[in-house]
2 protein chains.
Amino acid sequence: MNDPLTTLAGTLDTVWHHLERGTVQRDAPARHPVLATAGPAGAEARMVVLRAAGRIDDRIEVYADRRSAKVGELASEPRASLLVWDPAQRLQIRLRARFQVLAGETVAALWEALPGPARALYGGRPAPGTPISGPGDHIADPAAHAFCVLRGALSEIETLHLATLGHRRALFRAADGWRGQWCAP
Amino acid sequence: MNDPLTTLAGTLDTVWHHLERGTVQRDAPARHPVLATAGPAGAEARMVVLRAAGRIDDRIEVYADRRSAKVGELASEPRASLLVWDPAQRLQIRLRARFQVLAGETVAALWEALPGPARALYGGRPAPGTPISGPGDHIADPAAHAFCVLRGALSEIETLHLATLGHRRALFRAADGWRGQWCAP
């Protein structure tokens, strides 16, 4: 049987295949994960764009407007999760990571590399979440100083494969070299 | 223009239309929202099945195994979020709710109404998340005492519509009678 999801090593390879595709392919399942953060009024969730994923350094990256709520939430509680669902494989991928917020000179090259329409997502007026009288009362104003990178250092990857012959759940941890462990689903 | 997402009332109606479809239609976008909770090691996220949604009483319901991590997380921090994404409308729906965990006699009728295959998701051995030596080392053992209902009382609904002519964000709150307010995206 060649299904990679029947082994721990094959499962972890599948996760990284998804993450790497997500950073380059617009319609890949991992292109738009859900980022969950712990906010002052409980847990928050929103979709984000996966911008980078590095297996060598256990790293994932998402971009944000520095004034958005998620940036403040990660400053208070840097431990957050990303969730990816691949409907074709019926595979759920949960990533746990500790995030740093990088801005200014450190990320200037990434800002320069962004195409114009993508830059318009950072720096509009008023700031994200501000009440406005109508949906048109928002002005795009691309600004490098409003741009930041949420860089996550992965600590755990948990998969759940909804297989016809029984669900399979696995947990991989940086602390044990990503060896992996099957768990009850 | 008949696009309901151009008005606050139409946007809220669209949200409820999605939630109501999600409870009955297997391929509806709101069938499988992401539930974000605040856990002891930061925010957690996983997909769930939307089982009930009531506009009259601002209520949503999800089923769970009482021994699963999310139940413990909601007991410590009942304020959590559900996220729905409709790719056709390019509409993100964020629901904020305070959850109670209902079990035993209170939910016996819901347990009785569950078809056999659905019951098999609650009560297997060992408990969810327990390390096992292989993915087959898990025995289904449907048990009413392992079944619980996560009932969420909605406090806020936030929408983000990725429209070609400018993104539209709106916030609706139970506290002001769900009147709604446009916000900067």
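An unreviewed UniProt entry lists chain A under the name Pyridoxamine 5'-phosphate oxidase, with Rhodovulum marinum as the source organism.

K.L.:
How should the overall build of chain A be read in this particular structure?
P.N.:
Secondary structure assignment for chain A yields four helices and nine strands. The order of α-helices and β-strands along chain A, N terminus first, is α-β-β-β-β-α-β-β-α-α-β-β-β. The C-alpha atoms of chain A give a radius of gyration of 18 Å, which matches the 16 Å a tight globule of 185 residues would have. Over its C-alpha atoms, taken along the principal directions, chain A stretches across nearly 55 × 35 × 30 Å. A total of 185 residues make up chain A; the buried ones form 50% of that total.

K.L.:
Help me out: how do you make sense of the relation of the copies chain B and chain A in this one?
P.N.:
In this structure, two copies of a chain are linked by a rotation about an axis accompanied by a shift along it. Each copy of the sequence occupies a distinct position, and chain B is placed on chain A by a rotation of 180 degrees and an axial shift of 0.0 Å, giving an RMSD of 0.0 Å. Expressed as a symmetry operation, the mapping of one chain copy onto the other fits a two-fold axis. When the interface residues of chain B are mapped onto chain A, 100% of them are again interface residues, pointing to one common binding face.

K.L.:
Which parts of the structure should I look at to understand the UniProt feature "domain: Pyridoxamine 5'-phosphate oxidase Alr4036 family FMN-binding" (unreviewed entry) in chain A?
P.N.:
According to UniProt, the positions carrying the feature "domain: Pyridoxamine 5'-phosphate oxidase Alr4036 family FMN-binding" (unreviewed entry) are residues 26–102 of chain A. For residues 26–102 of chain A, helix accounts for 10% and strand for 57%, while the C-alpha atoms at its two ends are 24 Å apart.

K.L.:
Would you mind showing me how to read the pairing of strand S3 (residues 50–54) of chain B here?
P.N.:
Regular strands show a simple pattern: their side chains alternate between the two faces of the sheet. Residues and elements named next belong to chain B. Among the five residues that make up S3, four are buried, leaving the element largely enclosed by the rest of the structure. One ladder, built from four bridges, connects S3 with strand S4 (residues 59–65); its direction is antiparallel. Within S4, the residue paired with Leu50 across the bridge is Val62. Counting the residues that bridge the hairpin from S3 to S4 gives four residues, and of these Asp58 lies at a positive phi of roughly 50 degrees.

K.L.:
I would appreciate a short explanation of the pairing of strand S7 (residues 147–161) of chain B in the present structure.
P.N.:
Residues and elements named next belong to chain B. Pairing analysis gives seven bridges linking S4 to S7, with the strands arranged antiparallel. Directly across from Val62, in S7, lies its bridge partner Leu150. For strand S6 (residues 91–103) and S7, the ladder comprises 13 bridges, and the chain directions are antiparallel. Note on S7: the bridge partner recorded for Leu95 is Ile157. Strand direction decides the pairing type here: S7 and strand S8 (residues 168–173), joined by six bridges, are antiparallel. Counterpart to Glu158 in the pairing with S8 is Leu171. Connecting S7 to the next strand, S8, in antiparallel fashion are six residues, including Gly166 with a positive phi near 125 degrees.

K.L.:
I tried to follow the interface of chain B and chain A on my own but got confused; where do I start?
P.N.:
Accessible area lost when the parts come together is the quantity often used to give the size of an interface. With 41 residues of chain B at the interface, the matching set in chain A holds 41 residues. When chain B packs against chain A, close to 3300 Å² is buried across both sides, 61% of that on carbon and sulfur atoms. The largest contributions to the chain B side of the interface with chain A come from Ala43(B), Met47(B) and Pro135(B), which together make up 16% of the buried area. For the interface between chain B and chain A, the tally reads four salt bridges. A salt bridge links Glu44(A) to Arg96(B); the nearest nitrogen and oxygen atoms lie 2.8 Å apart. Where chain B meets chain A, there are 22 residue pairs in polar contact (both at pLDDT 80 or more). Tallying contributions element by element places strand S2 (residues 42–47) of chain B first for the side of chain B that touches chain A, with six residues.

K.L.:
Is there a simple way to think about the pattern of salt bridges in this case?
P.N.:
Opposite charge on two side chains allows them to pair when their charged atoms are near. Counted according to the given criterion, the structure contains 32 salt bridges over all chains. Among the salt bridges present, the one from Glu156(B) reaches Arg96(B), with a minimum N-O distance of 2.8 Å. Here the residue Glu156(B) occupies a position in strand S7, and Arg96(B) occupies one in strand S6, the gap between them amounting to 60 residues. What makes Arg96(B) buried here is its relative accessible area of 12%. The residue Glu158(B) makes a salt bridge to Arg169(B) at a minimum N-O spacing of 2.7 Å. Taken together, the positions of Glu158(B) in strand S7 and Arg169(B) in strand S8 put the pair eleven residues apart, joining distant regions of the chain. Of the two residues, Glu158(B) and Arg169(B), neither departs from the other in class, the shared state being buried. Among the charged side chains, a network of salt bridges with common partners joins Glu44(A), Arg94(B), Arg96(B), Glu156(B), Glu158(B) and Arg169(B).

K.L.:
Would you take a moment to explain the environment of Asp13(B) for this structure?
P.N.:
Locating Asp13(B) in the fold gives a position in helix H1 (residues 8–24). A sequence separation of 42 residues divides Asp13(B) from Arg55(B), and the C-alpha atoms of the two residues are 9.8 Å apart.

The rules behind these values
Residues numbered from 1 in each chain as written. Chains lettered and ligands numbered in written order. Predicted model: local features only at pLDDT ≥ 70, side-chain atom pairs only at ≥ 80, totals over all residues. Heavy atoms only, no water. Helix = DSSP H or I, 4+ residues; strand = E, 2+ residues; numbered from the N terminus. Rg over C-alpha atoms; globule rule 2.2 N^0.38 Å. Buried < 20%, exposed > 50% of the residue type's maximum accessible area, 1.4 Å probe, protein only. Least-squares fit on C-alpha atoms with pLDDT ≥ 70 in both. Contact = heavy atoms within 4.5 Å. UniProt positions renumbered as here; feature names shortened; annotations may be inferred. Pairing = 2+ DSSP bridges. Buried area = accessible area lost by both parts, 1.4 Å probe. Salt bridge = Lys/Arg side-chain N within 4 Å of Asp/Glu carboxyl O. Polar contact = N/O pair within 3.5 Å; in protein donor to acceptor, adjacent residues only side chain to side chain.

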